[in-house]
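Now for the letters of each chain:
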Amino acid sequence: MKTKILLLLSLLFIVSSCDEDATEGLVIDPDDIIDNENIIVVDEGADSGNPKIFISPNEVIVKYDPGVSQDSVRQDFPLLNYKKCDCGDTNIELWVFDPGIDELEIEGVVQRLSRRSGTRGERSFDIQLTPVGPFPQPGQDVLADTVGLVGPASSLSVNIAVIDTGLDFKRYLNTESPEKFLFPSGYYSYCYDTGTGWNFTGEGDPNFVDDNGHGTYVTKIMTDELDKKGVDYQILPLKVFDASGRGSYWDVLCSLAYVKDINHFRKVIDIVNASFGGGLPREFFDEPEAGETENIFTEMLEALNDQGTLVITSAGNKGEDNDTGVEGDFLSSFRSPNIISVGGYEYDTINPAARPITLHRLSNYGSDGSVDIALAFNNYEIIYDTSDSLRKQRVTLHGTSYAAGALSGKAGTLIDSLGNLSIDDLKTHIFNLTEHAPQLDGKIVDGRALIREE
């Protein structure tokens, strides 16, 4: 009698990746398990009640207008050191102050910078992904192995940058004929000594290998969608979260600056997928007052908008309204025209055609129009080959991180079939694929639900 392997990696770890809660009612029947498969369940909702954003006590991000004397500005403040993004925007800096600096003093720095002509200051912050649990890696010893996966420079491919925990590329080497699907960033930008991808969490370390799992899972969802439609695509893995799922506002900004640099001569990156977020004081997203410069992140989004790059982000997984209360959601509360914020509807695994379509109880939403579309929240299934040809690894995923990944894949198929589109036209074609779900009215713009294909 065949042995059935139910290696839920220490059985059913109810985990997460971006921001969510709970696996109540989730049942796995052993009779449904395929022989010789490792089964992993990843639920973003398991840690929803914990904070995802942590304001830095001693770091400030500074943006200079072109032509401002940066040295003279720094001399007016007691910073210990500073650093710049290595690529894409030399007018942004991270200032580091004494760890014991008083809260009022660090706030005073931000206010002085924002009142000063030609500068803006913002508190930096860390971002914490919800744990995805143990992430088995099939050996990550040689980054040079990516060479066999890097595609050629092509004007025909759909190119998607994934800002996340990196990519466990060796999973893609287990097939007989690995596809060359990694974006050749070294061809378009000379900032970093790399053939593809970059790790923003380490000083000068090109190793973007995923030692967390979140980025690998998000990427697999979108590549499955693209492969299903036969799309010519390339993925650019940008690692901004470490093994523990910890990242920073600064690293996210620098990763977007890198995308901007790649797009310098023409749009090359079609889509940025940003499946993460957390609550920030609502004033962070407000329009600037008279005499103030724009929010630094808003300016970065506008630069990408001018280049024609769409940014797809997750709405969050706490079952909360992103448009009310003292906090908005980073990134989905930004109202840039090139952002699509993705919520999640309850996918009926028994009867997928069931109606009405309702919002999943853990999906965030926007009563004032910040969440643009809902895709299935739950039960994304991906399957990996392993180094053992007789064994597969199946992962079941729940959360708006994975819904955003699915939409990035779907948007890529539209670009492939319709050609180069403006952001407005691409968004229109995406929204034309949806159906109106009355139960989503007042939570998702126009009650839009993009129904999963069976």
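Not measured: the values here are computed from a predicted model. (Residues numbered from 1 in each chain as written. Predicted model: local features only at pLDDT ≥ 70, side-chain atom pairs only at ≥ 80, totals over all residues. Heavy atoms only, no water.)

## Remarks on the state of the cysteines
Thinking step 1. A full pass over the atoms with the stated rule returns one disulfide.
Thinking step 2. Note on cysteine connectivity: C85 is disulfide-linked to C254, with sulfurs 2.2 Å apart. Classification of the bridge connecting C85 and C254 rests on its S-S torsion, roughly -85°, and on that basis the disulfide is left-handed. In this pair, C85 sits in the loop between β3 (81-84) and β4 (92-96) while C254 sits in helix α5 (residues 249-262), placing the two residues 169 residues apart along the sequence. (Disulfide = S-S within 2.5 Å. Helix = DSSP H or I, 4+ residues; strand = E, 2+ residues; numbered from the N terminus.)

## Comments concerning the pairing of strand β2 (residues 53-64)
Thinking step 1. Relative to strand β5 (residues 119-128), β2 runs antiparallel, the two sharing eight bridges. The residue bridging F54 from the neighbouring strand is D126, located in β5.
Thinking step 2. One ladder, built from five bridges, connects β2 with β4; its direction is antiparallel. Residue pairing for β4: I61 is matched across the bridge by L94. (Pairing = 2+ DSSP bridges.)

## Thoughts on the environment of D446
Thinking step 1. Within the fold, D446 resides in the loop between β18 (435-436) and β19 (448-449).
Thinking step 2. Accessibility expressed as a relative area gives 55% for D446, which makes it exposed.
Thinking step 3. The spacing of D446 and E435 is 11 residues in sequence and 9.5 Å in space, taken between C-alpha atoms.
Thinking step 4. The contacts of D446, once residues within four sequence positions are left out, are H436 and D441. (Buried < 20%, exposed > 50% of the residue type's maximum accessible area, 1.4 Å probe, protein only. Contact = heavy atoms within 4.5 Å.)

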